[in-house]
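A look at the structure
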Amino acid sequence: MGQKPSYEELEQRLRELEHELHECEQNTGYDFVENANSIFMRIDNKGVITFINKFGHNFFGFAREELIGRNVQETIVPETETTGRDLFYMIRDILSNPQRYVNNKHENIRKDGQRVWVAWTNKPVLDINGELTEILCIGNDITEWQQLIDKLEESEARNSIILNAVPDLMFVHDRQGVYLDYQASKETLLALNPGQFLGKSVQDVLPKEVADYYMQCLELAYQTGQTQPFEYTLNVFEGLRSFEARITPLDKQRLMSIVRDITEKKQAQESRNRLLQ
């Protein structure tokens, strides 16, 4: 039988195994970061890039050596976002107050000048004195998502402008005549404040004669799928006014009523009729 190893030899072998395990863990971690489908980047407390993985430098269109040692402000961050936000100020603020930017999204720029949006998760690394030494950054491309959001916001803004320009009242009802929503360019044409009619039926808030006919038109519009017009007179905040309502189905559960103030039109007709008599 061979000689048993001494305690010192066992201790030395244990240290070697621990070292090998540490190197294995480091290599495994490096492989994961290098081959990830996200941007992994490290910047120092001046904003200089000290590491970027393969996905990251390929995403921005640079060779790795073109980014290492250079500031993000002269490579992947434009001076100003297309929204008008000052990104150079933002970078300075990130380096001064990294805790404010643990999660942050902003526009970046590729080597060819193309603008891209990236959602960043940032982890500041501090020294024993609590001073920032570097920031570990993980980024994901959200360009398509941001473009979709921008289009939706643009569409909503355009629709809001159109709705506010329409000189009508608009109400959305369910089949029971309950007010679900409204749009009023002139709220003085309302008979009640919104909180007094939203969630209530026309039968609860309108005079009985108007409410009964309103309900008949709602049901007829729902059954036929065709627009149902009718006229009525109502006391509103401006006083007694004449209206023309046009009720049309929106879907299987909701109907829309577009109401136009025709008071001046009715008054003009009455004046002509008097002159003809």
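Everything below is about the structure printed above this text.
Let us look at the structure shown here. (Residues numbered from 1 in each chain as written. Predicted model: local features only at pLDDT ≥ 70, side-chain atom pairs only at ≥ 80, totals over all residues. Heavy atoms only, no water.)

Here we look at the pairing of strand S3 (residues 103–109)
- The buried fraction of S3 is high, at 5 of 7 residues.
- The pairing of S3 with strand S4 (residues 115–126) spans 7 bridges and is antiparallel. Residue Asn103 lies in a different strand from S4, and its bridge partner there is Thr121. (Buried < 20%, exposed > 50% of the residue type's maximum accessible area, 1.4 Å probe, protein only. Helix = DSSP H or I, 4+ residues; strand = E, 2+ residues; numbered from the N terminus. Pairing = 2+ DSSP bridges.)

A closer look at the pattern of salt bridges
- All chains considered together, the criterion is met by 14 salt bridges.
- One salt bridge connects Lys208 with Asp212, and the closest N-O pair in it is separated by 2.7 Å. Note that Lys208 and Asp212 are positioned in helix H8 (residues 208–224) at a spacing of 4 residues, about one turn of the helix.
- A relative accessible area of 63% places Lys208 in the exposed class.
- Overall, the relative accessible area of 28% leaves Asp212 in the partly exposed class. (Salt bridge = Lys/Arg side-chain N within 4 Å of Asp/Glu carboxyl O.)

Some points on the packing of aromatic side chains
- For the structure on display, the rule yields 10 aromatic pairs.
- Centre to centre, the rings of Tyr182 and Phe197 are 5.6 Å apart; their planes meet at 80°, and the pair counts as edge-to-face. With a gap of 15 residues between them, Tyr182 in strand S7 (residues 179–184) and Phe197 in helix H6 (residues 194–197) connect regions that are remote in the sequence.
- A relative accessible area of 4% means that Phe197 is categorised as buried.
- Consider the rings of Tyr214 and Phe230, whose centres lie 5.4 Å apart with planes at 75°: the pair is edge-to-face. You can see Tyr214 sitting in helix H8 and its partner Phe230 sitting in strand S8 (residues 228–236), a full 16 residues away along the chain. As far as the burial class goes, Tyr214 and Phe230 line up, both buried.
- Lying over the aromatic face of Phe59, Arg110 brings its terminal NZ or CZ to 4.3 Å of the ring centre. (Phe/Tyr/Trp six-rings, centres within 6.5 Å; stacked < 30°, edge-to-face > 60°. Lys NZ or Arg CZ within 6 Å of the ring centre and 35° of its normal.)

Quick look at the environment of Gln99
- Looking at where Gln99 falls in the secondary structure, it is placed in the loop between helix H4 (87–96) and S3.
- When the C-alpha atoms of Gln99 and Lys123 are compared, they prove to be 8.2 Å apart, with 24 residues separating the residues in sequence.

A few points about the side chain of Thr143
- Inspection of the secondary structure assignment puts Thr143 in helix H5 (residues 143–165).
- By relative accessible area, which is 10% here, Thr143 ends up buried.
- Beyond its immediate chain neighbours, meaning those up to four positions away, Thr143 contacts Val116 and Trp117. (Contact = heavy atoms within 4.5 Å.)

Considering the side chain of Glu107
- Its location among the elements puts Glu107 in strand S3.
- Among the residues examined, Glu107 registers a relative accessible area of 4% and is labelled buried.
- For Glu107, the side chain forms a polar contact with the main-chain nitrogen of Thr82, separated by 2.8 Å.
- Side-chain polar atoms of Glu107 contact the side chain of Arg115, separated by 3.0 Å.
- Dropping the residues within four chain positions of it, Glu107 is found in contact with Pro78, Glu81, Thr82, Leu87, Arg115, Val116 and Trp117. (Polar contact = N/O pair within 3.5 Å; in protein donor to acceptor, adjacent residues only side chain to side chain.)

Regarding the sheet that holds strand S2 (residues 49–52)
- The antiparallel open sheet is built from 5 strands, whose spatial order is S2-S1-S5-S4-S3. At either margin of the open sheet sits one strand with a lone partner, and together these are S2 and S3. The mean inter-strand angle of the sheet, taken between neighbouring strand axes irrespective of direction, is 30°.
- Pairing of S4 with strand S5 (residues 132–141) involves 9 bridges; the strand directions are antiparallel. Across the sheet, residue Ala119 finds its bridge partner in S5, namely Asn140.
- On top of the sheet, H4 reaches strand S1 (39–44), S3 and S5; it is set at about 140° to S3, its chief contact. (Axes fitted to C-alpha atoms, helices over the stretch in contact; angles between N-to-C directions.)

A word on the sheet that holds S7
- Within the open sheet, the 5 strands sit side by side as S7-S6-S10-S9-S8. Their pairing is antiparallel. The open sheet has two edge strands with one neighbour each: S7 and S8. Recorded for the sheet is a direction-independent mean angle of 25° between the axes of neighbouring strands.
- As judged from the 5 bridges shared by strand S6 (residues 168–174) and S7, these two strands associate in the antiparallel manner. Across the sheet, Phe171 pairs through a bridge with Tyr182, a residue of S7.
- This element, H8, spans S6, S8, strand S9 (239–249) and strand S10 (254–261) of the sheet and lies at about 155° to S8.

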